[in-house]
Amino acid sequence: MILRRVHPGPARELSLDAADSREQLLEWYRTERAQWLRLNLVASVSGSAAGSDGTSETLTSASDRRILGVIRELSDVVLVGAASVRAEGYQVPRRARLAILTSSGDLTGHRLDPEQVDRVTIVCPASAVDTATSSLPGAEILVAPDTGSRVTMRDLVDTLRKAGYASIVCEGGPSLASALIEAGLVDELCLTTSPVIRDVSLPTFAREGLHERAVELRQLVIDDSSFVFARWTIRAD
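Residues numbered from 1 in each chain as written. Predicted model: local features only at pLDDT ≥ 70, side-chain atom pairs only at ≥ 80, totals over all residues. Heavy atoms only, no water.

On to helix H6 (residues 174-182). Turning to H6, its buried residues are Pro174, Leu176, Ala177, Ser178, Leu180 and Ile181. In this structure, the buried residues of H6 make contact with strand S3 (36-44), strand S4 (77-81), strand S5 (97-101), helix H5 (153-162), strand S8 (167-170) and strand S11 (228-234). One or two steps after H6, the chain reaches glycine 184, where phi turns positive at roughly 75 degrees. (Buried < 20%, exposed > 50% of the residue type's maximum accessible area, 1.4 Å probe, protein only. Helix = DSSP H or I, 4+ residues; strand = E, 2+ residues; numbered from the N terminus. Contact = heavy atoms within 4.5 Å.)

Quick look at the nonpolar core now. In this structure, Leu3, Leu25, Tyr29, Leu98, Ile100, Val120 and Leu136 are the most contacted members of the largest nonpolar core, which totals 35 residues. With residues near it in sequence (within four places) discarded, tyrosine 29 still touches Arg38, Ile67, Val70, Ile71, Leu74, Cys190, Gln219, Phe229 and Arg231. (Core = buried A, V, L, I, M, F, W, Y, C linked by side-chain atoms within 4.5 Å.)

Taken N-terminus to C-terminus, the directions of H5 and H6 make an angle of 90 degrees; their axes are 9 Å apart at the nearest point. With respect to each other, H5 and H6 are oriented roughly perpendicular. Of the residues in H6, those in contact with Met153, Leu156 and Val157 of H5 are Leu176, Ala179 and Leu180. By residue class, the composition of the contact of H5 with H6 is six nonpolar, no polar and no charged. (Axes fitted to C-alpha atoms, helices over the stretch in contact; angles between N-to-C directions. Parallel < 35°, antiparallel > 145°, perpendicular 65-115°, else oblique. Nonpolar A, V, L, I, M, F, W, Y, C, P; charged D, E, K, R; others polar.)

What follows covers the confidence of the model for the protein chain. Mean pLDDT over the protein chain stands at 93; residues scoring 70 or higher make up 99%. When pLDDT is averaged over each helix and strand of the protein chain, the minimum, 86, is found for helix H3 (residues 82-88) and the maximum, 98, for S8. (pLDDT = per-residue confidence, 0-100.)

Next up on the list: the packing of aromatic side chains. In total, this model carries one aromatic pair according to the counting rule given. Each ring, one from phenylalanine 227 and one from phenylalanine 229, has its centre 6.4 Å from the other, and the planes form 15 degrees; the classification is stacked. In this pair, the class of phenylalanine 227 matches that of phenylalanine 229, namely buried. (Phe/Tyr/Trp six-rings, centres within 6.5 Å; stacked < 30°, edge-to-face > 60°.)

It is worth spelling out the sheet that holds S5 at this point. The eleven strands are arranged S2-S1-S10-S11-S9-S3-S8-S4-S5-S6-S7 in an open sheet whose pairing can be described as mixed. Only two strands of the sheet have a single neighbouring strand rather than two, namely strand S2 (12-15) and strand S7 (140-143). When strand polarity is set aside, the average angle formed by the axes of neighbouring strands in this sheet is 25 degrees. As defined by bridge partners, strand S10 (residues 215-223) adjoins S11 across seven bridges and the pair is classed as antiparallel. Note that in S11 the partner of leucine 220 across the bridge is alanine 230. Contacting S3, S4, S5, S8 and S11, H6 runs over the sheet at an angle of about 135 degrees to S3. (Pairing = 2+ DSSP bridges.)

Next up, the structure:
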């Protein structure tokens, strides 16, 4: 599989079979500073975050998974919402810790490996600690300040960073991704566009509440299968 970085120029090619391909990808996706918040999302051309099986799995490719692994390696923690853990059957990343945001603490239906739970962090309000502890015994519990049992995005990020997780990559779902953008906390959006058009059963972002915000294209990579990998810098207000 060949990746072609067409922006910034001059254009460059990278074979994923090359011995140094991972090191080159790490360089392409390195962040400007240690404290960084990325969104890393995949969507169809028509804007659906779910493929034919109802999850993002059928929207991805081998090159997308390779880039996913690199972005995770450059992060201290992978952040997801509890609904995504239940729907996607999340596994603990090999090169980063997994953090789950939950207001209720209820992770019923998760498919996390019990032997890897010591690399999972649950962020929840104080009212959800008992439920979270019983749902996922052995996981780290971080208690975030809450307003009416809801954790604000600012408090979520502050709680993770106080625990030592400076570089954060959020992989969804749509409501969490949108809320982080709306709170002005996201430095960068890494968006994979899967070359399919399908019904939008699950939108990439929340349907409402996301105000217009300027972004700037930082990097654009394409592969042999017409997947597009964009890095968008989200401009500060």
